[in-house]
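# Chains, contacts and geometry: an overview
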Amino acid sequence: MTTAETKPEELPPGTTPYYARMHTLIKRGVLVCLVALVIEGAFTLPFMAIYYGYPTLSLTQICSELLKVRYSDDTLECKVPYPAFGPPEGAEGKDTAQDQWGIQPVPKYHRLGFRELVRIHDERIARQAHHAADQRP
């Protein structure tokens, strides 16, 4: 039995016999794309975490360092677990960002290199320790 001979009651609602094969191909194509996106996402996070310095920094520290670099504010920290009705991520740091805001925002922070967040984190910790040592009498 070909698709042209398929009875209308066997087709999904809204599908005519003439377009039944096309709808099947579209469904399969969309399913393949969704599976590919899930697999890509599953492999992207571990590689990005390693690129930013995962074994040395925890995922929460990487998140906090990215916020600090992006918004030019050393006081920003990632909240884990994030409050259920909290502000959107980055909303509290938007006023400290040095970006040019407009229809197409232009970021003013430098592009991060391989494991550069580790160096930035270590420099920040050393700076804070030096500052705390200067404050002691």
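Predicted, not measured: the structure shown is a model, and the values here were computed from it.

Take the state of the cysteines next. In this structure the tally under the stated criterion is one disulfide. Between the sulfur of cysteine 63 and that of cysteine 78 lies a disulfide, 1.7 Å long from S to S. When the S-S torsion is -80°, as for the bridge of cysteine 63 with cysteine 78, the disulfide is left-handed. You can see cysteine 63 sitting in helix α2 (residues 59–71) and its partner cysteine 78 sitting in the loop between α2 and α3 (116–135), a full 15 residues away along the chain.

Right, let's talk about the domain arrangement of the chain for a bit. Here the domain parsing of the chain yields domain 1 (19–54) and domain 2 (59–135). Taken together, the contact between domain 1 and domain 2 spans six residues of the former and nine residues of the latter. Carbon and sulfur atoms supply 70% of the area buried between domain 1 and domain 2, which totals about 710 Å² over both sides. Across the domain 1-domain 2 interface, the total number found is zero salt bridges. Viewed at the interface, domain 2 and domain 1 are joined by three residue pairs in polar contact (both at pLDDT 80 or more).

Another point: the nonpolar core. Residues Tyr52, Leu57, Ile62, Val69, Leu112, Leu117, Val118 and Ile120 constitute the largest nonpolar core, which totals eight residues. Broken down by secondary-structure element, the contributors of at least two residues to this core are α2 and α3. The element best represented in this core is α3, accounting for three residues. Excluding residues that lie within four positions of it along the chain, leucine 112 makes contacts with Tyr51, Tyr52, Leu66, Val69, Leu117 and Ile120. Judged by nonpolar contacts, the second largest core, of five residues, contains Leu67, Leu76, Cys78 and Ala97.

So, about the packing of α2 against α3. Relative orientation of the contacting elements α2 and α3 amounts to 80°, with a least axis distance of 10 Å. It follows that α2 is roughly perpendicular to α3 by the angle criterion. Where α2 approaches α3, its residues Gln61, Ile62, Glu65, Leu66, Lys68 and Val69 are matched on the opposing element by Leu117, Ile120, His121 and Arg124. Among the residues forming the contact of α2 with α3, the class breakdown is five nonpolar, two polar and three charged.

Rules used throughout
Throughout, residues of each chain are indexed from 1 in the direction in which the sequence is written. It should be noted that, the model being predicted, local features are given only for residues of pLDDT at least 70 and side-chain atom pairs only at 80 or more, the latter also being counted only at that level, while totals for whole chains, interfaces and linings use all residues. The basis for every side-chain value is the complete set of heavy atoms in the structure, and neither hydrogens nor water enter the calculation. The term disulfide is used for any two cysteine sulfur atoms that are within 2.5 Å. Only DSSP runs of H or I covering at least 4 residues are called helices, and only runs of E covering at least 2 are called strands; the numbering of each starts at the N terminus. Annotation comment: domain bounds sourced from an automatic or database domain assignment. Note on definitions: a residue-residue contact is assigned when non-hydrogen atoms from the two residues lie within 4.5 Å. The term buried area refers to how much accessible surface (probe radius 1.4 Å) is lost by two components on association, counted for both of them together. We define a salt bridge as a contact between a side-chain nitrogen of Lys or Arg and a carboxyl oxygen of Asp or Glu at a distance within 4 Å. Any pair of nitrogen or oxygen atoms within 3.5 Å is treated as a polar contact; in protein, a donor-acceptor pairing is required on top of that, and neighbouring residues in sequence qualify only through side-chain atoms on both sides. Only buried residues count toward a nonpolar core. Its members are Ala, Val, Leu, Ile, Met, Phe, Trp, Tyr and Cys residues joined through side-chain atoms within 4.5 Å. Any residue under 20% of the maximum accessible area for its type is buried, any over 50% is exposed, and the rest in between are partly exposed; the area is computed with a 1.4 Å probe on protein chains only. Here an axis means a line fitted to C-alpha atoms, over the contact stretch when the element is a helix, while the angle between two N-to-C directions is reported on a 0 to 180 degree scale. Orientation categories follow fixed angle ranges, with anything under 35 degrees roughly parallel, anything over 145 roughly antiparallel, 65 to 115 roughly perpendicular, and all other angles oblique. Side-chain classes are defined by residue name, with Ala, Val, Leu, Ile, Met, Phe, Trp, Tyr, Cys and Pro counting as nonpolar, Asp, Glu, Lys and Arg as charged, and the others, Gly among them, as polar.

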